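Survey of secondary and tertiary structure
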Amino acid sequence: MEDTLTVDDKFSALIRHWTQRVEALKDDDLYFYNQPIEELCGGVKVRTHGREMLMFASYSYLGLIGHPKINAAAQAAIETYGTGTHGVRMLAGTLALHSELEATIARFKGTDDAVTFSSGYVTNLTAIATMVGRHDIVICDKLNHASIVDGCILSGADMVRFRHNDMDDLERCLKKADPRAAKLVVVDAVFSMDGDVIDLPTTVELCQTYGAYLMVDEAHSIGVLGERGRGIEEHFGLTGVIDLKMGTLSKTIPSVGGYLAGRADLIQMFRHASRAFIFSAALPPAQAAAAKVAFEVIMEEPERVLQLRRNAARFISGLKGLGFDTMRTETAIVPVMCGTDERAFTMTRHCQRDDIFVLPVVSPAVPEGQARLRATVTAAHTLADIDKALEVFERAGKRTGLL
Ligand SMILES: *Cc1c(COP(=O)(O)O)cnc(C)c1O
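The following paragraphs examine the structure supplied in this document.

Each value, and the rule that gives it
Residues numbered from 1 in each chain as written. Predicted model: local features only at pLDDT ≥ 70, side-chain atom pairs only at ≥ 80, totals over all residues. Heavy atoms only, no water. Patch = residues over 30% accessible without salt bridge, like charges linked within 9 Å, V, L, I, M, F, W, Y side chains within 5 Å. Areas by Shrake-Rupley, 256 points an atom, 1.4 Å probe, with all protein chains shown as cover. Salt bridge = Lys/Arg side-chain N within 4 Å of Asp/Glu carboxyl O. Helix = DSSP H or I, 4+ residues; strand = E, 2+ residues; numbered from the N terminus. Buried < 20%, exposed > 50% of the residue type's maximum accessible area, 1.4 Å probe, protein only. Contact = heavy atoms within 4.5 Å. Pairing = 2+ DSSP bridges.

Let's talk about a nonpolar patch on the surface
Side chains of Val-7, Phe-11, Leu-14, Ile-15 and Trp-18 sit close together on the surface and give an oily, nonpolar patch of about 540 Å² of accessible area. Of note, Val-7 is situated in helix 1 (residues 7–27). Residue class for Val-7 comes out exposed when judged on its relative accessible area of 58%.

In structure tokens:
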């Protein structure tokens, strides 16, 4: 007999799967997601469930959330423009503020022009789907962010993946690709689970040799990499080697949205051909103003970037000194390897009970057996904050049997 599962059974099973997974964790007191933050207390403390905790799960790498200049710009934008736009950018939605924001991003990134979208996720979807389609090839690092993967699927292009940061494998993929097909290579600058940095010089060289276009996602790279926080090109002392630079306005930049930066004609194309630009509303005025001023603050206060670097170095070397495995991170994203999902949950519980706000990453976000805490350092942490976290991690590691 044919499979007799009804549509209703299928959906019930799906919902039941997720209900059971969440309930099982809650029953064991191991559920840490979607924790409501009630209050920000100073730079790096948060109040959740009535308790003050030290934040080690923030993407606000330069500590810019709540910066007085940025807040003031957002408030002034509401006074001038109100809280919404008149719809999509192409029709009545483009404000002078959007053009100013895009000019500021282009200046920061050293490109001709930039264009913004309503989220980083959507920026990746639309960038890839605009650039490539059926009969084209998109080549990705295996650990690329989910939004890049989804963009590849949406595009309909042939998706090929190379081993993480393995340049021989990238070359193999480029060699094997049909020489007549258009090829787009997409990589993260800093990988969001491991904190390591793509080998940009070799990636660029290979793209040039094999005639591929290069797009780099700098979600965790702006404000973090390079002396002045300009990102991965500055980190490697290269300029203008990336065809399309993508970034988000929701991490180092305390706003929301995403951008693409590059050559004038390329960016102009996105303003007319990318569906997320044509069919989705413009960034709200307050968020556009906050983002613009945030880029200016990074340019005016470059010491924040150095502070972040010092803090990350101290935190990583402290963890390594205690005997933790932090993979190959050299950035503000610091994986603390735990092995099984259960161990990662237990570590989290110990840390959170000692008032360190840190979160676990488990399968399927990372491969089975590579569960970890993903701790992030920011420029707003003091040395005392970092030392306190190290103490708590050490105690938790011993209790969990990791140390
Ligand atoms: C966070 C993130 C995005 C998505 O950005 P949002 O603005 O949060 O939608 C894209 N790529 C990477 C690597 C990210 O870490």
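More follows now that the structure is in view.
With respect to the side chain of Thr-400
Considering the arrangement of structural elements, one finds Thr-400 in helix 15 (residues 383–400). The class for Thr-400 is buried, based on a relative accessible area of 12%. Excluding residues that lie within four positions of it along the chain, Thr-400 makes contacts with Arg-343, Thr-346, Met-347 and His-350.

Description of the pairing of strand 10 (residues 258–262)
Extensive coverage of strand 10 is indicated by the burial of five of its five residues. Here strand 10 shows a buried face lined by Gly-258, Leu-260 and Gly-262 and a second buried face lined by Tyr-259 and Ala-261. Across five bridges, the pairing between strand 4 (residues 113–117) and strand 10 is antiparallel. Its bridge partner lying in strand 10, Thr-116 is registered against Tyr-259. Strand direction decides the pairing type here: strand 9 (residues 244–248) and strand 10, joined by five bridges, are antiparallel. When the sheet's bridge partners are listed, Leu-244 is paired in strand 10 with Gly-262.

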